[in-house]
Amino acid sequence: MTTVTPPRFPTALFFFLLISGGIIRDANGQAPGQGAWCVAKPSTSDEELQNNINYACTYVDCRMIRPGGVCFEPQKLVNKASVAMNLYYQSNGRNYWNCDFKGSGIIAVTDPSYGDCKYSFKQ
């Protein structure tokens, strides 16, 4: 019976880079300087979208999706929820878990702003 010895070089290299601070860094899901916005998944139910709005607007100023606000039109729940979810995401450190919303949020890397409705973005 022969014994197979796993290669040591990749393991040693990994630990060296990890310990030394080398080139292994937490990318946090995006490249430096890249934008990230939280938006609602299009398949989310209206009830979940409304719950997301209610939750996010408890913590952030949602006047922009209220009547007279720059993001009031179009009056589609998915648009309003996306704006509210993004405001929450941006104000809470842009961590991926701040865009989960029970699985109904997704992080976009292209700016979802439209017309005068500018989605908040903090570097």
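A brief structural summary.

Conventions adopted
- Residues numbered from 1 in each chain as written.
- Predicted model: local features only at pLDDT ≥ 70, side-chain atom pairs only at ≥ 80, totals over all residues.
- Heavy atoms only, no water.
- Helix = DSSP H or I, 4+ residues; strand = E, 2+ residues; numbered from the N terminus.
- Buried < 20%, exposed > 50% of the residue type's maximum accessible area, 1.4 Å probe, protein only.
- Areas by Shrake-Rupley, 256 points an atom, 1.4 Å probe, with all protein chains shown as cover.
- 1 Å grid on protein atoms, 1.4 Å probe; cavity = no way out; pocket = protein on both sides within 12 Å on 5 of 7 lines; lining within 4 Å.
- Points joined across faces, edges and corners; volume = space filled by probe spheres on them.
- Contact = heavy atoms within 4.5 Å.
- Axes fitted to C-alpha atoms, helices over the stretch in contact; angles between N-to-C directions.
- Left-handed = near helix turned anticlockwise from the far one by under 90°.
- Nonpolar A, V, L, I, M, F, W, Y, C, P; charged D, E, K, R; others polar.
- Expected span 1.5 Å × (residues − 1).

1. Some remarks on the overall build of the protein
Part 1 of the reasoning: Helix and strand counts for the protein stand at three helices and two strands.
Part 2 of the reasoning: Reading the helices (α) and strands (β) of the protein from amino to carboxyl end gives α-β-α-α-β.
Part 3 of the reasoning: Counting over 123 residues, the protein shows a buried share of 34%.
Part 4 of the reasoning: Surface summary for the protein: the accessible area is close to 8300 Å², and the carbon and sulfur share equals 58%.

2. A few points about the layout of surface pockets
Part 1 of the reasoning: Considered as a void within the structure, the largest pocket measures approximately 230 Å³ in volume.
Part 2 of the reasoning: Surrounding the largest pocket, Glu-48, Asn-51, Asn-52, Tyr-55, Tyr-88, Trp-97, Asn-98, Cys-99, Asp-100, Phe-101, Lys-102 and Ser-104 form its lining.
Part 3 of the reasoning: Residue contributions to the lining of the largest pocket peak at four residues, all from helix H2 (residues 46–59).

3. A few points about the environment of Lys-118
Part 1 of the reasoning: The topology assignment puts Lys-118 in the segment after strand S2 (105–108).
Part 2 of the reasoning: Classification of Lys-118 by relative accessible area gives exposed; the value is 52%.
Part 3 of the reasoning: Here the alpha-carbon distance between Lys-118 and Met-64, two residues 54 residues apart in the chain, equals 9.7 Å.
Part 4 of the reasoning: If we skip the residues at most four places from it in the chain, Lys-118 touches Met-64, Cys-71 and Ser-113.

4. What to know about the packing of H2 against helix H3 (residues 77–91)
Part 1 of the reasoning: Closest axis-to-axis distance for the H2/H3 pair is 8 Å, and the angle between their directions is 35°. Read as a crossing pair, H2 and H3 show a hand that is left-handed. Side by side, H2 and H3 meet where Asp-46, Leu-49, Gln-50, Asn-52, Ile-53, Tyr-55, Ala-56, Cys-57 and Tyr-59 of the first sit next to Leu-77, Val-78, Lys-80, Ala-81, Ala-84, Met-85 and Tyr-88 of the second.
Part 2 of the reasoning: Residues of the contact of H2 with H3, tallied by class, amount to twelve nonpolar, two polar and two charged.

5. Here we look at the environment of Tyr-96
Part 1 of the reasoning: Within the secondary structure layout, Tyr-96 lies in the loop between H3 and S2.
Part 2 of the reasoning: Judged by its relative accessible area of 57%, Tyr-96 falls in the exposed class.
Part 3 of the reasoning: Taking the C-alpha atoms as reference points, Tyr-96 and Cys-38, 58 residues apart in sequence, are found 8.8 Å from one another.

6. Quick look at H3
Part 1 of the reasoning: Its 15 residues give H3 an end-to-end C-alpha distance of 21 Å, which sits within 8% of 21 Å, the value for a rise of 1.5 Å per residue.
Part 2 of the reasoning: Counting buried residues in H3 gives twelve out of 15 residues, a clear majority hidden from the surface.
Part 3 of the reasoning: Among all positions of H3, only Asn-79, Lys-80, Ala-81, Ser-82, Val-83, Ala-84, Met-85, Asn-86, Leu-87, Tyr-88, Tyr-89 and Gln-90 are buried.
Part 4 of the reasoning: Of the surrounding elements, those touching the buried residues of H3 are strand S1 (37–40), H2 and S2.
Part 5 of the reasoning: Immediately beyond the C-terminal end of H3, within one or two residues, lies Gly-93, with a positive phi of roughly 95°.

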